[in-house]
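# Structural overview for review
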Amino acid sequence: MIWFSALVLIPLAAIVVTAIDGGWGIFWNTITNGQTLSAIKLTVFTAAGVTLVNIIMGPLIAWVLVRDRFWGKSVLEVMIDIPFALPTIVAGLVLLSLYGTDSPLGIDIANKRPAVFLAFLFVTLPFVVRMVQPVLEELDRDVEEAAASLGANRITTFRRIILPSLTPAIAAGAALSFARGVSEYGSLVLLSGNLPFKTEVTSVRILSSIENDNVAGAAAVATVLLAISLTVIVVLDLIQRRVAARG
Amino acid sequence: MSIEVRGLNKKFGDFVALDDVNVSIPTGQLTALLGPSGGGKSTLLRIIAGLEKGDSGTVNIEGVDATNLPAQKRNVGFVFQHYAVFKHMTVAKNVAFGLEIRKRPKDEIEHRVDELLKLVHLSQFSHRLPSQLSGGQRQRMALARALAVEPSVLLLDEPFGALDAKVRKELRDWLRRLHDDVHVTTVFVTHDQEEALEVADEIVVVNEGRVEQVGTPDQLYDEPANDFVMSFLGEVTHLGGVSLRPHDIELDTQPRLAGGVEGTVSRMVRIGFEVRLTVLTVDGDEVSVVVTRTHARSFGLEEGSTVWLTPADGATLIPRMAVAG
């Protein structure tokens, strides 16, 4: 508990305190400022969208990794973790060179909103996959065979037996993926161009607040982000409990 | 006949799991597939259930050619060694699963689940999760779940293998009584000869992918077709060129009976009411003999005693084979 407090609770509390110290006026002004609001909206919606994609793609990739055998599987296995291992600014460089103005693929999304989406997608890819994979590996084949012998086809077995077992892992992965998306900085800062009202995300906004000596403003934005992340994590947890209980 | 298996072959890579197996399983009976681990009996059961496919041969269930039917269309109940419970569902939901898939009316499902839970003595646990049940209770739930769909045959793969000895014995008796009530054609796999002898109406002995013998427990025990069946169903020892059970040897401290073989007691182990002796005969054989404790005491037996051994009247004797089991 002391460990947890020192690492998590005290810094979080400090942010909230700093935000309140600045006074309600500054807090309110900062977060209702058009530029900030637009940054928050962009960040949250993009992170939510990316998380949705991960909820669908993550289990699929995990399924392929666990159940299928194919040439190059172990390579793919390692590749999944690259977004984890790569410093985010390097990821940003890779994305910039691939999808920037001189794109060898002819796809130029520099300074556009898809750049933010793509960067989020890149860094959050491993979360759901890595959460679901061990659960899928632990899943008894017996259970699927039992469902089949009771008359269930593949789809019913997946929906009624496999999916409920995976839900907690998917939810946990989704929460991580969302949180990571909201906090992402390095990988998108190069490709997105950080244009106010267009491609500027909250983490960039917070940094510029601090650079302008507006610590209270930065803390205010951070507090809002904190609240949103907390809400999403709690909501995902509730959904997960509901689904798991329903069967 | 309820299940007819003809010319079934199955290989896993180079390993021959089943080698031209032919079996007929009678309707309404409790049949045991008995054999050592890795002998192919589980594979045979899984092929009957449609969970595995044979390389060649046919499976016929209740007059329907099931060889190419997928598991979900065969209407067989299957019970797994490790229960295969649906962890996230309550006991009642587990049992209801097969009926819900068949889209039966809700009140019918509820009624049937109640009935089955009563049958397996789990009524008071209907709202619990499987993780809150003991192993024996989980297996009874799995049995109720398999019975819910009114299968034409019930298949059990080492159903009591994961349970401790006491629960295993209780469930074994209970399965026998349940079968007397329900009368569904039942096949269970076991490597425990005592279990098979005690519970089954008929036993199919499977070894190294082949059927060694089919018969009632008495037939198998009294008239084993070969050395393997004899040794698998109980202890076997060899006395003067024949195989026989250690308790079927009569022992005396005087050469009273004709044809007695002389020997010396080299080892003596008392286990409860019985005494196990190892006797070295003058022919150079090492013979195991089991006598009761009272018997041993009346002869004043001890290590080093000289005794005479003869096969008892009515003992099961089969000629000893080159490679004795």
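The rules behind each value
- Residues numbered from 1 in each chain as written.
- Chains lettered and ligands numbered in written order.
- Predicted model: local features only at pLDDT ≥ 70, side-chain atom pairs only at ≥ 80, totals over all residues.
- Heavy atoms only, no water.
- Contact = heavy atoms within 4.5 Å.
- Buried area = accessible area lost by both parts, 1.4 Å probe.
- Salt bridge = Lys/Arg side-chain N within 4 Å of Asp/Glu carboxyl O.
- Polar contact = N/O pair within 3.5 Å; in protein donor to acceptor, adjacent residues only side chain to side chain.
- Helix = DSSP H or I, 4+ residues; strand = E, 2+ residues; numbered from the N terminus.
- Pairing = 2+ DSSP bridges.
- Axes fitted to C-alpha atoms, helices over the stretch in contact; angles between N-to-C directions.
- UniProt positions renumbered as here; feature names shortened; annotations may be inferred.

## A word on the interface of chain A and chain B
- On the chain B side, the residues contacting the 18 residues of chain A number 21 residues.
- Together chain A and chain B conceal approximately 1,800 Å² of surface at their shared face, both sides included; 62% is due to carbon and sulfur atoms.
- Three residues, S149, L150 and R160 of chain A, lead the burial of chain A against chain B; their summed loss comes to 37% of the area buried on that side.
- Summed over the shared surface of chain A and chain B, the number is two salt bridges.
- R160 of chain A serves as the salt-bridge partner of E100 of chain B, at 3.1 Å between the closest nitrogen and oxygen.
- Where chain A meets chain B, there are five residue pairs in polar contact (both at pLDDT 80 or more).
- Of all elements in the fold, only α8 (141-149) and α9 (154-183) of chain A reach the threshold of two or more residues within the side of chain A that touches chain B.
- Looking at which element gives the most residues to the side of chain A that touches chain B, the answer is α8 of chain A, with seven residues.

## So, the sheet that holds strand β4 (residues 56-61) of chain B
Residues and elements named next belong to chain B.
- Within the open sheet, the four strands sit side by side as β2-β1-β4-β5. Their pairing is antiparallel. Edge positions in the sheet fall to β2 (15-25) and β5 (64-65), since each of these pairs with one other strand and no more.
- When strand β1 (residues 3-12) meets β4, the two strands line up antiparallel, connected through five bridges. Across the sheet, I3 pairs through a bridge with I61, a residue of β4.
- Set on the sheet, helix α1 (residues 41-49) makes contact with β1, β2 and β4; between it and β1 the angle comes to about 120°.

## Overview of the UniProt feature "domain: ABC transporter" (unreviewed entry) in chain B
- Within this numbering scheme, the UniProt entry marks residues 3-233 of chain B as carrying the feature "domain: ABC transporter" (unreviewed entry).
- Summarising residues 3-233 of chain B: 37% helix, 26% strand, and an end-to-end C-alpha distance of 25 Å.

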